[in-house]
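So the chains spell out like this:
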Amino acid sequence: MTVPLHDPHRGPVSHPHAVGLLRQMLEIPSTSYHEGRLASYLVRQMLALGFDSARVDAAGNVIGVVKRGPGPVIMLLGHMDTVDGHVPVRVDGDRLFGRGAVDAKGPLATMICAAVSASRLRGTVVVVGAVEEETPASRGAMEIRRDHPRPDALIIGEPSGWNTVVLGYKGKLDLSYRVEVPATHPSNPLPKATELAAAAWQHLLDLLGPDAGHGSFDTPGPTLVSIGGDLVTAQAEFSVRTPVGFDDQAFVRRLRERLARGDLDVVNSVRAVRVSRTDPVVRALSRGIRAHDERVVMKVKTATSDMNTLAEAWHIPMATYGPGDSALDHSDDEHILLDDYFNGIGVLSAALERLGAPHDASPLTGSTPTHAGATT
């Protein structure tokens, strides 16, 4: 599909162009570790839309920059990669189907369109299409955190719903356990490798306590990702979604003390993040939603995103926003409502103009930094 041409001097991106951009993004497969083709396409499209520059960094992230004079630097960071699975790309009425329509090419396309549509913004918008968000390491966000100058404000692109602002995400602790014991007869009372792996999972549950579960933002949520083996060798993978204030190191230490033998390794660890309703980014997004005569919804999520990764290092105003129903993440029915997509572009454009207002009117002037793990 050919994307309609856009004149960067004529204001907001048109609806046909916005749809064409997203549809072509969906047509290009970009599972984790295979985002290169989409990255090249987005560089071309950003430049055609009027971005001042666009490039691919060492990790494979796309970085596009729109400069509108002196003012704050606002980063919009979404991700290009998707999980496996084919969803035929098609428009059915007001619904655009395709793998990534919700998670998270829809939010990323929203950011690209909003960056050039926010004509009254004063400052710089940096749009990042990150790689490998759907993997434990989040290599794209880690590269940005390490090598990109810290912006003045950050918006993460994930499906919140166009009238909803996400204030925070649980953290995540991924563990790998492996144990090996001498071969023995099944009737021998000595513990077998599979029994030790099962016992390790039970020890983990005991340490988390009876209230653990995925139903609340404020409690840890354990998952037995995998377990397997035989009498001699066994292995298991555990994942814990962690609340604000959870001490990963202390938990791992206590779990190791309970294990009779075997090796417990930390595969990945990222802390929970939660920002205040008075955060300048939250307020700017809320104002954009209210401008559409819609009630603002605010929520926290029990999953994890690149907001966690960046909040560990950048104590700046931030929030997560993007059109799309997160219940459709990774599903065979993944689609985005086009009206929600258009509304999302309008909301984000208004938020950027608010954050990039003249210096004495910008809510970023004298704002209190956001901290990873802060509570409302």
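What counts, and at which threshold
- Residues numbered from 1 in each chain as written.
- Predicted model: local features only at pLDDT ≥ 70, side-chain atom pairs only at ≥ 80, totals over all residues.
- Heavy atoms only, no water.
- Pairing = 2+ DSSP bridges.
- Helix = DSSP H or I, 4+ residues; strand = E, 2+ residues; numbered from the N terminus.
- Axes fitted to C-alpha atoms, helices over the stretch in contact; angles between N-to-C directions.
- Contact = heavy atoms within 4.5 Å.
- Buried < 20%, exposed > 50% of the residue type's maximum accessible area, 1.4 Å probe, protein only.

Participant: In this structure, what is going on with the sheet that holds strand β11 (residues 233–242)? I would like to understand it.
Facilitator: Paired through backbone hydrogen bonds, the strands of a sheet run either parallel or antiparallel to each other. Spatially, four strands are ordered β10-β11-β9-β12 in an open sheet, and the strand pairing comes out antiparallel. With one partner strand each, in any of the chains shown, β10 (221–229) and β12 (263–270) form the two edges of the open sheet. For this sheet, the mean inter-axis angle between neighbouring strands, taken without regard to orientation, is 15°. Where strand β9 (residues 171–180) and β11 come together, 10 bridges link them in antiparallel fashion. Bridge pairing links leucine 173 to valine 240 in β11. Together, β9, β10 and β11 form the strand contacts of helix α5 (residues 193–208), whose direction differs from that of β11 by roughly 15°. Helix-sheet contacts for helix α6 (residues 248–258) involve β9, β11 and β12, and the interaxial angle to β12 is about 165°.

Participant: Mind showing me how you'd approach the pairing of strand β6 (residues 123–130) here?
Facilitator: Each regular strand shows side chains that alternate between the opposite faces of the sheet. Taking burial as the measure, the eight residues of β6 include eight buried ones, the bulk of the element. When strand β2 (residues 62–68) meets β6, the two strands line up antiparallel, connected through seven bridges. Pairing of arginine 68 across the sheet is with glycine 123, part of β6.

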